[in-house]
Structures are given as structure tokens and as C-alpha cells.
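Commentary on secondary and tertiary structure
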Amino acid sequence: MNLFDPLAFTFESIVADVGIAELKTLLDVEQKSFSLQWLSDNKFMISLNSSIGTNYVFDINNNAKSAVIAYGTLSELTEDKTDIVLVTKFKYGLLMILVIPIIMLILELTMDLGIPVPFYFVFPLVFILVLFIFRSEEKRLYRNFREYLYSENHKV
């Protein structure tokens, strides 16, 4: 396992039992547990309506309500089946948490600032905590999207 695997892309594929046109009308409803923005005819972006705090800390995309964003692509399998592929992007903002102690260590070695050694272990712990929050919000976003599609009203 690579150190940066948890930061990489995550994929989710959903097959809906409706055509693209009907699926687009289902997704255009305002009352959802996620925010949706169409990027093109068959591509969209979803984000959570609210998050634990990542939208304020890692405000990457102004069009999203949360920093946890999934990009979706619709592909027509048959007239009555649509493949929805959701992909989250690499989480570059989380790497900043790991860069800070490296910069501090370089400054400590060159200027002797007197930073205590245990302080360097705070950043990896914060990284793991924030990574856990991001992953749980990604799972929640995927779950909310699937629940919306498979709800009683839609029966996708």
C-alpha cells in the first residue's frame, strides 16, 4: 500500500434502470441530500449540502457546498439503462498538512528554533483525522446519491 493511496481517486459505478433523459429529470429536483451542478450534457458534479467542516477548511471549488466533490458521467447502456460513474479527485489540500512539519524540520535544523520533537507528531495525527473525515464524507455522499436514486419515489 502506497502512502498516498487514501488520497487518490475513488470510483463508484451505478446502473440505473431508466434512460438518460428520465434520469436527468430525476436529478434536477431541488430537495436532495446533496448538491448537483451540471457541467455538460452528460457530466455533473455532486457535493454534500453540509459537511463536518471540510467546506470551510478546504474550500477548493466555489460551485460546491462541500470540499468532498464527486464528478459523475452518464453513459447510455440501453434505452432503459444508464451507467453512472462517480469519481472523486486527488485530495491535494491534505498534502499541505504533511508539508508543514517538513518545512518546520528544515527551519529547526538550519536555525535552531527550539521546536520540541513531539510537536512534529501532531501533524501526522491531524492528517489521519482529516483523512478519516474526508473518507467518511465521501462514503456519505455516495450513500446519499444511491439512496436518492433508489428511493421509493424513483424506483431507479
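Structural data are supplied above this passage.
Our subject in this report is the structure included herewith. Model, not experiment: these values are computed from the prediction.

The next point concerns the pairing of strand β4 (residues 69–78). Relative to β4, strand β3 (residues 43–48) is paired through five bridges, and the arrangement is antiparallel. Pairing of Lys43 across the sheet is with Thr73, part of β4. Here β4 runs beside strand β5 (residues 81–88); their pairing, made up of eight bridges, is antiparallel. When the bridges of β5 are listed, Thr73 appears paired with Val85. Hairpin connection from β4 to β5: two residues lie between these consecutive antiparallel strands.

Tallied over the entire structure, the rule returns three salt bridges. The residue Arg146 makes a salt bridge to Glu12 at a minimum N-O spacing of 2.7 Å. Of this pair, Arg146 sits in helix α4 (residues 122–149) while Glu12 sits in strand β1 (residues 10–16); the two residues are 134 residues apart in sequence, bridging distant segments of the chain. One salt bridge in this structure joins Lys81 and Asp17, with 2.8 Å as the shortest N-O distance. Taken together, the residues Lys81 in strand β5 and Asp17 in the loop between β1 and α1 (20–27) connect sequence positions 64 residues apart. The exposure class assigned to Lys81 is partly exposed, which follows from its relative accessible area of 35%.

This model, assessed by the stated rule, comprises four aromatic pairs. With a centroid separation of 5.4 Å and 70° between ring planes, the pair formed by Trp38 and Phe44 is classed as edge-to-face. The partly exposed category is assigned to Trp38, whose relative accessible area is 24%. When its relative accessible area of 0% is taken as the criterion, Phe44 is described as buried. Judged by centre distance (6.0 Å) and plane angle (25°), the rings of Phe44 and Phe145 are stacked. Taken together, the residues Phe44 in strand β3 and Phe145 in helix α4 connect sequence positions 101 residues apart. Joined through ring pairs, the aromatic side chains of Phe34, Trp38, Phe44, Phe145 and Tyr148 make up one cluster. If you follow Lys24 out to its NZ or CZ, it ends over the ring of Trp38, 5.3 Å from the centre.

We now examine the sheet that holds strand β2 (residues 34–38). Strand order across the open sheet formed by five strands is β1-β5-β4-β3-β2, with antiparallel pairing between neighbours. One side of each edge strand has no neighbouring strand; the edge strands of this open sheet are β1 and β2. When strand polarity is set aside, the average angle formed by the axes of neighbouring strands in this sheet is 25°. As paired elements, β2 and β3 share five bridges and run antiparallel to each other.

What follows is about the environment of Ser33. Here Ser33 lies in the loop between α1 and β2. The partly exposed category is assigned to Ser33, whose relative accessible area is 38%. Filtering out sequence-adjacent residues up to four positions away, Ser33 remains in contact with Leu48, Asn49 and Asn144.

What counts and how
- Residues numbered from 1 in each chain as written.
- Predicted model: local features only at pLDDT ≥ 70, side-chain atom pairs only at ≥ 80, totals over all residues.
- Heavy atoms only, no water.
- Pairing = 2+ DSSP bridges.
- Helix = DSSP H or I, 4+ residues; strand = E, 2+ residues; numbered from the N terminus.
- Salt bridge = Lys/Arg side-chain N within 4 Å of Asp/Glu carboxyl O.
- Buried < 20%, exposed > 50% of the residue type's maximum accessible area, 1.4 Å probe, protein only.
- Phe/Tyr/Trp six-rings, centres within 6.5 Å; stacked < 30°, edge-to-face > 60°.
- Lys NZ or Arg CZ within 6 Å of the ring centre and 35° of its normal.
- Axes fitted to C-alpha atoms, helices over the stretch in contact; angles between N-to-C directions.
- Contact = heavy atoms within 4.5 Å.

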